Amino acid sequence: MFYRESGDFKKTYQKDNQTFPIKFDRWRYYFVMLVAFIVVPMFLTDYMANAVMIPFLVWAIAALGLNILVGYTGQLSLGTGGFMAVGAYATYKLMTAFPGMDMVSVVLLSGLITAVVGALFGLPSLRIKGFYLAVATLAAQFFLVWLLNKVPWFYNYSASGQISAPQREMFGVIVTGPHATPVAGYLFCLVFAVGLAWVARNLTRGRLGRSWMAIRDMDIAAEIIGVNPLAAKLSAFAVSSFFVGIAGSLFFSVYLGAAEVTEAFGISVSFAVLFMVIIGGLGSIFGSFIGAAFMVLMPVLLKNILVGGMGWPTDLAAHFEFIIVGGLILIFLIVEPHGLAQMARVLKEKLRLWPFPH
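Residues numbered from 1 in each chain as written. Predicted model: local features only at pLDDT ≥ 70, side-chain atom pairs only at ≥ 80, totals over all residues. Heavy atoms only, no water.

A count of helical and extended segments in the protein gives 15 helices and 4 strands. Compactness check: the protein gives a C-alpha radius of gyration of 21 Å against a globular reference of 21 Å for 358 residues, within 12% of the reference. Within the protein, counting contacts between residues at least 6 apart in sequence, those at least 24 apart form 74% of the total. If you sum the accessible surface of the protein, you get close to 18,300 Å²; carbon and sulfur atoms cover 70% of it. Of the side-chain charges in the protein, 23 are positive and 16 negative, and the distance between the mean point of each set is 9 Å. (Helix = DSSP H or I, 4+ residues; strand = E, 2+ residues; numbered from the N terminus. Rg over C-alpha atoms; globule rule 2.2 N^0.38 Å. Contact = heavy atoms within 4.5 Å. Areas by Shrake-Rupley, 256 points an atom, 1.4 Å probe, with all protein chains shown as cover. Lys, Arg positive; Asp, Glu negative; His and termini not counted. Charge placed at Lys NZ, Arg CZ, Asp CG, Glu CD.)

Taken together, the 3 bridges between strand E2 (residues 168–170) and strand E3 (residues 173–176) define a ladder with antiparallel strand orientation. Each residue of the ladder has a partner; that of Met 170, found in E3, is Val 173. Connecting E2 to the next strand, E3, in antiparallel fashion are 2 residues, including Phe 171 with a positive phi near 55 degrees. (Pairing = 2+ DSSP bridges.)

This next bit is on helix H2 (residues 23–43). Under the 1.5 Å per step criterion, the end-to-end length of H2 is 29 Å for 21 residues, consistent within 8% with the ideal 30 Å. Largest kink in H2: about 40 degrees, centred on Val 35. Of the residues making up H2, those classed as buried are Asp 25, Arg 26, Met 33, Ala 36 and Pro 41. Where H2 is buried, its residues touch helix H7 (182–205) and helix H15 (339–353). (Expected span 1.5 Å × (residues − 1). Bend = angle between axes of the 7 residues up to and from the residue. Buried < 20%, exposed > 50% of the residue type's maximum accessible area, 1.4 Å probe, protein only.)

Right, let's talk about a nonpolar patch on the surface for a bit. A contiguous nonpolar patch, built from Phe 31, Val 32, Leu 34, Phe 37, Ile 38, Val 39, Met 42, Phe 43 and Val 191 and spanning about 880 Å² of accessible area, is present on the exposed surface. Broken down by element, the residue count for the nonpolar patch peaks at 8 residues, all from H2. Within the element layout of this structure, Leu 34 appears in helix H2. (Patch = residues over 30% accessible without salt bridge, like charges linked within 9 Å, V, L, I, M, F, W, Y side chains within 5 Å. Salt bridge = Lys/Arg side-chain N within 4 Å of Asp/Glu carboxyl O.)

Moving on: the confidence of the model for the protein. Across the protein, the average pLDDT comes to 88, with 97% of residues at 70 or higher. Within the protein, helix H5 (residues 103–121) carries the highest mean pLDDT (95), whereas helix H1 (residues 13–16) carries the lowest (74). (pLDDT = per-residue confidence, 0-100.)

One can find Val 325 in helix H14 (residues 314–334). A relative accessible area of 6% means that Val 325 is categorised as buried. For Val 325 and Leu 64, which are 261 residues apart along the polypeptide, the C-alpha to C-alpha distance reads 19 Å. In this structure Val 325 touches Phe 275, Met 295 and Met 298, once residues within four positions along its chain are discounted.

Right, let's talk about the packing of aromatic side chains for a bit. In the structure shown here, the tally under the stated rule is 15 aromatic pairs. Aromatic ring contacts, followed pair by pair, group Trp 59, Phe 251, Tyr 255 and Phe 265 into a single cluster. Looking at Lys 93, its charged tip hangs above the ring of Trp 153, at a distance of 3.9 Å from the centre. (Phe/Tyr/Trp six-rings, centres within 6.5 Å; stacked < 30°, edge-to-face > 60°. Lys NZ or Arg CZ within 6 Å of the ring centre and 35° of its normal.)

In this structure, Trp 59, Met 84, Leu 250 and Phe 265 are the most contacted members of the largest nonpolar core, which totals 98 residues. Looking at this core element by element, the count peaks at 18 residues for helix H3 (residues 46–72). If sequence neighbours within four positions are ignored, Trp 59 has contacts with Met 84, Phe 251, Val 269, Val 273, Met 276, Ala 292 and Val 296. (Core = buried A, V, L, I, M, F, W, Y, C linked by side-chain atoms within 4.5 Å.)

Time to look at the packing of helix H12 (residues 267–280) against H15. Where H12 meets H15, the axes come as close as 3 Å, and the angle between the chain directions of the two elements is 20 degrees. In terms of orientation, H12 and H15 fall into the roughly parallel class. Every residue of H15 that contacts H12 at Ile 278, Ile 279 and Gly 280 is listed here: Gly 339, Leu 340 and Ala 341. (Axes fitted to C-alpha atoms, helices over the stretch in contact; angles between N-to-C directions. Parallel < 35°, antiparallel > 145°, perpendicular 65-115°, else oblique.)

Looking now at the pattern of salt bridges. Evaluation of the coordinates by the stated rule reveals 2 salt bridges. Close ionic contact of Lys 129 with Asp 219 constitutes a salt bridge, the shortest N to O distance being 3.1 Å. Of this pair, Lys 129 sits in the loop between H5 and helix H6 (131–150) while Asp 219 sits in helix H9 (residues 219–224), placing them 90 residues apart in sequence. Looking at Lys 129, the relative accessible area reads 49%, which means it is partly exposed. Put simply, Asp 217 and Arg 216 hold a salt bridge, and the shortest N to O gap is 3.1 Å.

With respect to the element layout, Arg 216 can be found in helix H8 (residues 207–217). Note on Arg 216: relative accessible area 33%, which makes it partly exposed. Non-local contacts of Arg 216, meaning those with residues more than four positions away in its chain, are made with Gly 71, Tyr 72, Thr 73 and Gly 74. Here Asp 217 takes part through its side chain, which lies 3.1 Å from a polar atom of the side chain of Arg 216. (Polar contact = N/O pair within 3.5 Å; in protein donor to acceptor, adjacent residues only side chain to side chain.)

What follows deals with helix H4 (residues 80–97). Compared with an ideal rise of 1.5 Å per residue, which puts 18 residues at 26 Å, H4 spans 26 Å between its outermost C-alpha atoms and is within 8% of the ideal. Of all 18 residues in H4, 16 are buried; the element is thus mostly enclosed.

Attention shifts here to the environment of Met 343. Looking at the element boundaries, Met 343 is found in helix H15. For Met 343, a relative accessible area of 43% translates into the label partly exposed. Put simply, Met 343 and Gly 287 are 56 residues apart on the chain and 10 Å apart in space, counted from C-alpha to C-alpha. Ignoring sequence-local partners within four residues, the contact set of Met 343 consists of Phe 332 and Glu 336.

Below, the structure is given as C-alpha cells:
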C-alpha cells in the first residue's frame with residue numbers, strides 16, 4: 001500500500017510533470033544517490049572499482065548515448081566503438097597539448113569533438129535508413145579506427161602506437177595516471193554519469209526529444225506535421241556522439257590508463273554497447289543503466305562461479321558468456337522487445353494496483 005499516488009498532491013505544473021510523480025520513487029532516487037556518493041566510496045575496494053563500478057559507469061554513459069540514437073530516434077548505429085575512440089584520442093591530444101587544462105574541460109571538449117564527428121557521419125541518415133544506415137555507421141567504425149591507427153599525429157608519433165593518460169588532479173586529488181586512486185576515479189565517473197542521465201532525461205522529455213520520437217515512429221508523418229528531419233536526425237547523432245565521446249574519454253583516461261585503438265575500440269565494443277541497449281530496453285534511460293550493469297556483472301559472476309567455483313577453463317567460460325548473451329537477445333527481441341526496463345515498468349504498475357486485480 002506504500003506505492004500509491006493517493007495523498008501526494010501537486011500544486012504546480014512543475015510538480016505535476018516531474019520525473020518521479022510518486023513519492024516513493026523520489027525517496028528511492030535520493031536513497032540511491034546517497035548510497036552511490038557516500039556509502040559506496042567508504043567500502044570500495046580496488047577490485048570492485050576496477051572490475052565493476054568504473055566500467056559500469058562508463059558503459060552506462062555509452063549506452064545512454066546509443067539509446068538516444070537507436071531507442072529514441074530509431075537510427076540504427078554500429079559505429080559506437082569508433083566514436084568512443086574519437087573521444088579517447090581527443091582526450092589524449094588535449095591532455096598532452098594543454099597540460100594545464102582541468103579534466104572536466106578535457107572530457108567535455110572531447111565529447112564536443114566527437115559530437116562534430118558524429119554529426120558528419122550522420123549525414124547519410126538524411127537519405128538512407130534501416131539496414132543501409134547500419135552499414136554506413138559500420139563503415140564509420142572501420143574508417144575511424146583505421147584513421148586513428150595509421151596517422152601518427154593522433155598518438156604523438158609513438159613507436160608502439162599506444163596512448164597513455166598523463167597524471168591529472170582535481171581539487172588536489174589524482175584522478176588519472178598510474179597513481180590515481182580507485183575512489184577518485186569512481187566519483188569522477190559517477191558525477192558524469194549522473195549529470196548526463198539528468199541531461200538525457202530532460203532532452204527526451206522536451207521538444208527535441210519529441211521530434212526524435214516522431215522521426216522514430218514515422219519520419220514521413222513527422223515531416224508533414226512540421227518536424228525538420230535534418231535538424232532532428234543530425235541533432236540525435238550529435239547528442240549521441242557527445243555522450244559516447246565522453247564515455248570513450250573516461251574509458252581511456254580513468255579506466256584503462258593506456259589504450260591501442262584496434263584492441264580497445266574494435267567492432268566488439270560497438271556490438272557490446274548495442275547489446276546493453278537491447279537487453280536494458282530501447283528508449284529508456286533506466287534501461288541503459290540496467291543493460292550496462294548486466295553486461296558488466298555477468299562476466300564477473302560467470303568467472304567467479306564457473307572458473308573459481310567449478311574449475312572450468314577460462315576460454316570455455318568466455319564462450320559460455322557469448323551463448324548467454326546471444327540467447328537473451330533472441331528472447332528479448334521475441335518476448336519483450338523493450339527489455340528489462342519494460343519488465344520493471346510492468347512490475348511498478350502492478351504495485352500501484354495491488355492487491356486489486358484491475
